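Structural description and commentary
Residue strings, one per chain:
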Amino acid sequence: MKFAVIVFPGSNCDVDCYYAVKDGLVEEVEYVWHQEKNLSKYDVIMLPGGFSYGDYLRAGAIARFSPVMEAVREEAEKGKFIIGICNGFQILTEAGLLPGALRKNEGLKFICKTVSIIVENDKTPFTTRLKKGQEILLPIAHGEGNYYVDDKTLKELKENNQIVFRYKENINGSVERIAGVINKKGNVLGMMPHPERAYAPLLGNTDGLYILGSIVDNFVKGGV
Amino acid sequence: MLIAKVYITLKKGILDPQGKAVKGALHSLGYEEVKDVRVGKYMELTFEDGDLSLIKDKVDEMCERILTNPIIEDYTFEIVEG
């Protein structure tokens, strides 16, 4: 299976994603520049963290109009697995591929540390190596990770089991400590924590492989 | 020339941590009369002279599509001669 790591001007976790796939999963992976219009040859699409377009206007607001995002939308409709991490999550919400929005952290600080994450839904293709209620450790590094949805959408998220991860403690002010959500169809995941920074013992943490490895386990050629 | 002055604010009820910090600073300087602060964005879009109602429609469209995130932000604008 072949992964694509989308590179926007200002992405800075693209290399982490690349090596997490190449060395952590031992799968094929290529960088794809944001001007690309066709992603059909890839099986999994990763939108990495960083500060695409300098986070000007709003985090992810300009990146979502990159030519590649139309292709991401097409592959999402086909049912391919798409994972947006940190800035990638922000881009997916701005693009309307995931519900909600990410605001400035409640405490206004950029937070860079490893935190406890609770698995809320273990039935997604991204979490089958985990158990509901399981606690894992993942690094976070964001200034705008404060997830917001209105009450009506929150109710829908709960009804459809779309909340995938929560912070164990209130880190950034996110509604109900939400750290990651999935789309209704179940093939597009967005999360603020960084699994791609936790794929090898040398990094001090391999918990990210639960998530990245689940993608490999659940791979279906052509999309779900 | 015409200038669209666009004001973007967080929706009512959405916590504004920046506004809260600024309010705290104002209070610490003794401006206790300030009850609340909301921090927003201001943009000026400059147009060649043209049909005013057409430009208004365009600015609305721009605000909806990219300049604001309608989930968390509201906007207003006015168009003035530049």
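The rules behind each value
- Residues numbered from 1 in each chain as written.
- Chains lettered and ligands numbered in written order.
- Predicted model: local features only at pLDDT ≥ 70, side-chain atom pairs only at ≥ 80, totals over all residues.
- Helix = DSSP H or I, 4+ residues; strand = E, 2+ residues; numbered from the N terminus.
- Buried ≥ 20, exposed ≤ 12 C-beta atoms within 10 Å, placed from the backbone.
- UniProt positions renumbered as here; feature names shortened; annotations may be inferred.
- Contact = placed C-beta atoms within 7 Å.
- Nonpolar A, V, L, I, M, F, W, Y, C, P; charged D, E, K, R; others polar.

With respect to unusual backbone geometry
Residues and elements named next belong to chain A. Here the phi dihedral of Asp 55 falls at roughly 60 degrees; this positive angle occurs in a residue that is not glycine. You will see that Glu 176, though not glycine, has its phi angle at about 50 degrees, which is positive. Examined against the element boundaries, Glu 176 turns out to sit in the loop between β9 (163-167) and β10 (178-182). Among the residues examined, Glu 176 registers 14 C-beta atoms within 10 Å and is labelled partly exposed.

What to know about the UniProt feature "active site" (unreviewed entry) in chain A
Residue and element names in this part refer to chain A. Mapped onto the present numbering, the UniProt feature "active site" (unreviewed entry) falls at Cys 86, His 194 and Glu 196. For this annotated set, covering 111 residues, all C-alpha atoms fall within 10.8 Å of each other, a compact arrangement in space. Mapped onto the elements of the fold, Cys 86 is located in the loop between β4 (81-85) and α3 (87-94). In contact with Cys 86, not counting residues within four places along its chain, are Cys 13, Gly 49, Ala 141, His 142, Met 192 and His 194. Within the fold, Glu 196 resides in the loop between β11 (188-191) and α5 (208-217). With sequence-adjacent residues up to four places away left out, Glu 196 is seen in contact with Cys 13, Asp 16, Cys 17, Ala 20, Ile 85 and Gly 208.

With respect to α3(A)
Residue and element names in this part refer to chain A. The element α3 is largely enclosed, with a buried count of eight among its eight residues. Contacts made by the buried residues of α3 are with β3 (44-47), β4, β5 (101-103) and β11. A positive phi of about 80 degrees marks Gly 96, the residue just after α3.

Considerations on the interface of chain B and chain A
Listed per partner, the contact involves nine residues of chain B and 13 residues of chain A. The element contributing the most residues to the side of chain B that touches chain A is helix α1 (residues 17-28) of chain B, with three residues. When the residues that make up the side of chain B that touches chain A are grouped by side-chain class, the tally is seven nonpolar, two polar and no charged.

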